Structure formats: C-alpha cells, structure tokens
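Chain by chain, the residues:
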Amino acid sequence: MKALKINLIAAFAMVAFCFAFATENSFSKATTTLYELNESSGEWSPVTGMKGVDYDCEPSSEICTAEFPSTVDPNDQENDGHPGIVEPSNIVRGDYFLK
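Residues numbered from 1 in each chain as written. Predicted model: local features only at pLDDT ≥ 70, side-chain atom pairs only at ≥ 80, totals over all residues. Heavy atoms only, no water.

Caption draft 1: Focus on the nonpolar core. Tyr35, Leu37, Trp44, Ile63, Ala66, Phe68, Val72 and Val86 together form the largest nonpolar core, which totals eight residues. Counting only elements with at least two residues in this core, the list comes to strand S1 (32–38) and strand S3 (55–69). The biggest single contributor to this core is S3, with three residues. Each residue touching valine 72, except ones within four places of it in the same chain, is listed here: Tyr35, Gln77, Asp80, His82 and Val86. (Core = buried A, V, L, I, M, F, W, Y, C linked by side-chain atoms within 4.5 Å. Buried < 20%, exposed > 50% of the residue type's maximum accessible area, 1.4 Å probe, protein only. Helix = DSSP H or I, 4+ residues; strand = E, 2+ residues; numbered from the N terminus. Contact = heavy atoms within 4.5 Å.)

Caption draft 2: Structural context of the environment of asparagine 38. As for its placement among the helices and strands, asparagine 38 is situated in strand S1. Judged by its relative accessible area of 32%, asparagine 38 is partly exposed. For the pair formed by asparagine 38 and glutamate 62, sequence separation is 24 residues and the distance between their alpha carbons is 9.8 Å. Here serine 41 takes part through its backbone nitrogen, which lies 3.3 Å from a polar atom of the side chain of asparagine 38. (Polar contact = N/O pair within 3.5 Å; in protein donor to acceptor, adjacent residues only side chain to side chain.)

Caption draft 3: Spotlight on the packing of aromatic side chains. A complete count under the given rule lists three aromatic pairs for this structure. Judged by centre distance (5.7 Å) and plane angle (80°), the rings of tyrosine 35 and phenylalanine 68 are edge-to-face. In this pair, tyrosine 35 is assigned in strand S1 and phenylalanine 68 in strand S3, connecting sequence segments 33 residues apart. The same class applies to tyrosine 35 and to phenylalanine 68, which are both buried. Seen in terms of ring centroids, tryptophan 44 and phenylalanine 68 are 5.0 Å apart; in terms of plane orientation they differ by 80°. Their pairing is edge-to-face. Of this pair, tryptophan 44 sits in strand S2 (residues 43–46) while phenylalanine 68 sits in strand S3, and the two are 24 residues apart along the sequence. The buried category is assigned to tryptophan 44, whose relative accessible area is 11%. Of the aromatic side chains, those joined through ring pairs into one cluster are Tyr35, Trp44 and Phe68. (Phe/Tyr/Trp six-rings, centres within 6.5 Å; stacked < 30°, edge-to-face > 60°.)

Read these as geometric descriptors, not functional statements.
Have a look at this one:
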C-alpha cells in the first residue's frame with residue numbers, strides 16, 4: 001500500500017510538472033523590431049547593429065529609435081495585416097547617426 005501511495009504521488013507530480021510546461025505558450029510573446037526615423041522623409045528604417053558601436057543618438061527632441069511589433073510595417077500600417085494603427089514603443093529621443 002505504501003508503494004502504491006508513493007507511485008501515485010510521483011505520477012501526480014509528473015503530470016503537474018508536464019502540465020506546467022505544456023501550458024506555456026512561447027508563441028504569444030511579442031517580438032519587436034527596432035527602427036530609426038528619417039525625420040525629413042518620415043520613413044522608418046530597420047536598425048542593425050548595437051547602439052554605441054554601430055550607431056548612436058545625439059541628444060535632441062527628435063525621435064532617434066523606436067520599437068514596433070515585428071508584425072507591423074510602420075511605413076504601411078493600413079496594409080500590413082496587423083489590426084489597427086500601432087504607436088511605437090521604447091522611444092529614444094535624439095538624432096540618429098552611424099558611426
């Protein structure tokens with residue numbers, strides 16, 4: 001009887017452990033893309049590289065970089081398949097320049 005009790009407890013623990021990982025939905029985590037804003041044209045361009053190494057932002061009131069969800073085309077939000085208009089997040093103020 002004691003062995004049955006231990007086996008049942010172990011089985012329930014294993015089921016609970018597996019259920020905890022099975023319900024984790026890693027696909028629901030939103031990914032974002034970093035863009036720089038060309039103030040003269042109003043177009044957003046994807047940023048590549050690392051801040052301080054490949055590019056930097058000089059202090060100003062303009063938008064240097066901002067993030068958009070990866071499913072959003074910031075230059076054509078009406079036709080990108082993402083519902084509605086998405087405002088940028090994590091806005092960094094300054095003038096964007098390459099190093």
